[in-house]
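As a plain string of letters, each chain reads:
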Amino acid sequence: MATQREAEIRKDVQTYYGQVLRKSADLQTNACVTAAGPVPRHIREALKNVHEEVSLRYYGCGLVIPECLENCWILDLGSGSGRDCYALSQLVGEKGHVTGIDMTEGQVEVAKKYMNYHMEKYGFRAPNVTFIYGYIEKLGEAGIKNESYDIVISNCVINLVPDKQRVLQEVYRVLKHGGELYFSDVYASLELPEEIRTHKILWGECLGGALYWKDLAILAQNVGFCPPRLVTANLITVQNKELESVIGDCRFVSATFRLFKLPMTGPTERCQVTYNGGITGHEKGLVFDANFTFKKGETVEVDEETAAILKNSRFAQDFLIRPIGEKLPTRGGCTALQAKDIITDPFQLAEESDHMKSRCPPDAAGGCCDTKKCCKNYN
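Residues numbered from 1 in each chain as written. Predicted model: local features only at pLDDT ≥ 70, side-chain atom pairs only at ≥ 80, totals over all residues. Heavy atoms only, no water.

The protein chain goes by Arsenite methyltransferase in an unreviewed UniProt entry, where it is assigned to Camelus ferus. Taken directly from UniProt, the Sequence similarities (unreviewed entry) text for the protein chain runs: "Belongs to the methyltransferase superfamily. Arsenite methyltransferase family." (UniProt positions renumbered as here; feature names shortened; annotations may be inferred.)

Topic: the overall build of the protein chain
On a plain count of helices and strands, the protein chain comes out with 13 helices and 14 strands. Residues classed as buried in the protein chain amount to 56% of the 379 residues present. Long-range pairs, those at least 24 residues apart, make up 79% of the contacts in the protein chain with a sequence separation of at least 6. Counting only carbon and sulfur atoms, one obtains 50% of the accessible surface of the protein chain, whose full area is about 16,900 Å². (Helix = DSSP H or I, 4+ residues; strand = E, 2+ residues; numbered from the N terminus. Buried < 20%, exposed > 50% of the residue type's maximum accessible area, 1.4 Å probe, protein only. Contact = heavy atoms within 4.5 Å. Areas by Shrake-Rupley, 256 points an atom, 1.4 Å probe, with all protein chains shown as cover.)

Examining the nonpolar core
Ranked by size, the top nonpolar core spans 40 residues in total, and within it Leu75, Leu77, Tyr187 and Phe225 carry the most contacts. Top element by residues in this core is helix 7 (residues 164-174). It accounts for five residues. Look past the residues within four positions of leucine 75 in its chain and what remains in contact with it is Thr99, Ile101, Leu139, Ile144, Tyr149, Ile151, Val152, Ile153 and Val174. Judged by nonpolar contacts, the second largest core, of 33 residues, contains Tyr86, Val108, Met115 and Phe124. (Core = buried A, V, L, I, M, F, W, Y, C linked by side-chain atoms within 4.5 Å.)

Things to note about the packing of helix 4 (residues 83-92) against helix 6 (residues 115-122)
Packed helices, taken two at a time, are described by the angle between their axes plus the distance between the axes. Between helix 4 and helix 6, the shortest axis-to-axis distance is 11 Å and the interhelical angle comes to 30°. As far as their axial angle goes, helix 6 and helix 4 are roughly parallel. Considering the relative orientation of helix 4 and helix 6, their crossing is right-handed. Counted together, Tyr86, Ala87, Ser89 and Gln90 of helix 4 and Met115, His118, Met119 and Tyr122 of helix 6 form the full contact between these two elements. Residues belonging to the contact of helix 4 with helix 6 are distributed by class as follows: five nonpolar, three polar and no charged. (Axes fitted to C-alpha atoms, helices over the stretch in contact; angles between N-to-C directions. Parallel < 35°, antiparallel > 145°, perpendicular 65-115°, else oblique. Left-handed = near helix turned anticlockwise from the far one by under 90°. Nonpolar A, V, L, I, M, F, W, Y, C, P; charged D, E, K, R; others polar.)

What about the pattern of salt bridges?
Under the defined criterion, the tally for this structure stands at 16 salt bridges. The partner of glutamate 45 in a salt bridge is lysine 48, and the shortest N-O contact between them spans 3.5 Å. Taken together, the residues span about one helical turn, with glutamate 45 and lysine 48 both in helix 2 (residues 41-48) at a distance of three residues. For arginine 229, the salt bridge goes to glutamate 305, with nearest N and O atoms at 3.0 Å. (Salt bridge = Lys/Arg side-chain N within 4 Å of Asp/Glu carboxyl O.)

Points about the packing of helix 2 against helix 4
Direction vectors running N to C along helix 2 and helix 4 enclose 120°, while the axes themselves pass 9 Å from each other. In terms of axis orientation, helix 2 runs oblique to helix 4. As helix 2 packs across helix 4, the resulting crossing turns out to be right-handed. Residue-level contacts link His42, Ile43, Ala46 and Leu47 of helix 2 to Arg83, Ala87, Gln90 and Leu91 of helix 4.

A look at helix 2
Residues of helix 2 that are buried include every one of Ile43, Ala46 and Leu47, and no others. The buried residues of helix 2 occupy an angular sector of 95° when projected down its axis, which confines them to one face. Set apart from the buried face of helix 2 by more than 90 degrees, the exposed residues are Arg41 and Lys48. Considering only its buried residues, helix 2 is in contact with helix 4. (Arc of directions from axis to C-beta.)

Some points on unusual backbone geometry
Notably, asparagine 71 is not glycine yet its phi reads approximately 70°, a positive angle. Along the chain, asparagine 71 turns up in the loop between helix 3 (52-56) and strand 1 (73-77). Notably, cysteine 156 is not glycine yet its phi reads approximately 60°, a positive angle. Looking at where cysteine 156 falls in the secondary structure, it is placed in the loop between strand 4 (149-155) and helix 7.

So, helix 5 (residues 105-113)
Looking at helix 5, one finds that the buried residues are Gln107, Val108, Val110 and Ala111. All buried residues of helix 5 fall inside an arc of 160° around its axis, so they share one side. Residues of helix 5 that are exposed and point more than 90 degrees away from the buried face comprise Glu109 and Lys113.

Here it is as structure tokens:
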């Protein structure tokens, strides 16, 4: 039965993360330690404030700290030892709140252990973080209410759940209208064969449950989300000969996507938008995804979907949005939306990023930022 198989997988994952792994160095692939790229200074500072033991028990595959976080309510799926939660708690401030949910009791205990340490370090009068033991495909059973969060994040966790559509349905339920799921996960280049899908170590290493990348758009549409927007991608390597022989020709990539839940409105038209530079850490420009970068003060024409997202999400206050053709008092005029190939394939983006890194030397911010082939870091 499917439910029995799911229960077996859940138990194996709990054992792997609760007993087998003690620190990130114990991992046998780089799936859960892949760097997402240059990190904005304010986020680097927030991560530095996280307790050492919490950071050592971190197994994420990307950076899942989006932009525009002040006063937001954020839910972290598979929060583990709490590294991302504690970093986010600083960024949302005392009026915001972060909830972490994880199915491994040992990880939840580590996270709770350092609650007072972090609140005192941040100077908060009351905790703005909560940790819950539970399952990310059963958020209702954990007491998480409908439309209660602005943002849901997940860092290399959804792949560990067999029923991924159920996870997305639960996320959609708990998000407010205009909210988003901002998440990193592992994706496969093809539909995984049985040998990989039943391999215990590959499940624990985030590969055995990886979704075929094209299936994400299908699941998102079924649930009601806007089409996935690809942000970053990195190829995954396996440092174990035995595991390599099992994987065969299948390739894996860690990728960050954003999925928006928009209110039901009428048809949206293309618009011209101007970023005002008001987002902390992104004053010069905002790298929204792999296809759109908005420089402060520059007016850009965007497609219908992007216009709808900017109008109806937390980003609305940071953009001047007007119909196409209306003259705006901005420098340099309006950049028209050119016919171009929108990158949706994380393997293509990862390969292009690797190519750019080989041509572009690291900068002072920590690396070559591949935001549509531009070696400039706006953070």
